[in-house]
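# What the coordinates show
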Amino acid sequence: MSTATPTQVLESIVTGINSGDLDSLLPLYERKAAFATAPGSLTPGIGEALNGFIAMNGTLDLDVTRVLEVDDLALVIGVWSFDGTAPDGTPVRLEAKNADVLRRQSDGTWRFVIDNPWGTD
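Residues numbered from 1 in each chain as written. Predicted model: local features only at pLDDT ≥ 70, side-chain atom pairs only at ≥ 80, totals over all residues. Heavy atoms only, no water.

## Description of helix α1 (residues 6-19)
Counted at 1.5 Å a residue, the expected span for α1 with its 14 residues is 20 Å, and the 20 Å between its end C-alpha atoms agrees. Looking at the residues trailing α1, positive phi occurs at Gly20, about 75°. (Helix = DSSP H or I, 4+ residues; strand = E, 2+ residues; numbered from the N terminus. Expected span 1.5 Å × (residues − 1).)

## Side note on the sheet that holds strand β6 (residues 110-115)
With mixed pairing, the 6 strands of this open sheet are ordered in space as β2-β1-β6-β5-β4-β3. Every other strand in the sheet has two partners, leaving β2 (41-43) and β3 (59-70) as the edge strands with one partner each. If you compare each strand with its neighbour and ignore which way they point, the axes differ by 30° on average. Where strand β1 (residues 29-38) lies against β6, 3 bridges are found, and the strand directions are parallel. Bridge pairing in β6 links Tyr29 to Phe112. α1 rests against β1, β3, β4 (73-85), β5 (91-104) and β6 of the sheet, and its axis sits at about 165° to β3. (Pairing = 2+ DSSP bridges. Axes fitted to C-alpha atoms, helices over the stretch in contact; angles between N-to-C directions. Contact = heavy atoms within 4.5 Å.)

## A few points about the pattern of salt bridges
Think of it this way: side chains of opposite charge can pair up when their charged atoms draw near. Following the criterion strictly, the structure yields 5 salt bridges and no others. Between Glu69 and Arg104 there is a salt bridge, with the nearest N and O atoms lying 4.0 Å from each other. Of this pair, Glu69 sits in strand β3 while Arg104 sits in strand β5; the two residues are 35 residues apart in sequence, bridging distant segments of the chain. Residues joined by salt bridges that share partners form a network here, namely Glu69, Asp72 and Arg104. (Salt bridge = Lys/Arg side-chain N within 4 Å of Asp/Glu carboxyl O.)

## A short note on the environment of Glu95
Assignment of secondary structure puts Glu95 in strand β5. Assessed through its relative accessible area of 54%, Glu95 is described here as exposed. The spacing of Glu95 and Pro117 is 22 residues in sequence and 8.9 Å in space, taken between C-alpha atoms. Beyond its immediate sequence surroundings of up to four residues, Glu95 is in contact with Trp80 and Ser81. A distance of 3.1 Å separates a polar atom in the side chain of Glu95 from a polar atom in the side chain of Arg93. (Buried < 20%, exposed > 50% of the residue type's maximum accessible area, 1.4 Å probe, protein only. Polar contact = N/O pair within 3.5 Å; in protein donor to acceptor, adjacent residues only side chain to side chain.)

So, in structure tokens, the structure goes:
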């Protein structure tokens with residue numbers, strides 16, 4: 001997993017979710033990072049939120065459309081879709097525009113501060 005740029009962090013999220021590797025995803029987040037489990041609702045349970053996607057054994061597609069950087073912060077905007085299967089066997093299709101906040105770490109790598117897959121919704 002590469003974390004040299006904000007875009008690479010998002011690419012690493014796709015790789016980790018599509019391979020079902022939760023352990024590879026957790027280092028992409030700051031210790032106090034938050035995840036928007038629903039539009040406008042943040043939770044500190046990063047592992048729990050990511051495991052929800054992984055449990056659906058699906059495929060995440062993501063296109064980063066814009067990265068705005070200032071100093072050690074980046075706002076990453078993109079468009080994503082996810083096709084998986086609910087626990088009851090029902091097909092699941094999710095799609096939205098993300099608006100994520102990442103911070104450059106002291107070692108030069110980037111990590112999520114806010115993972116907001118629901119963008120401005």
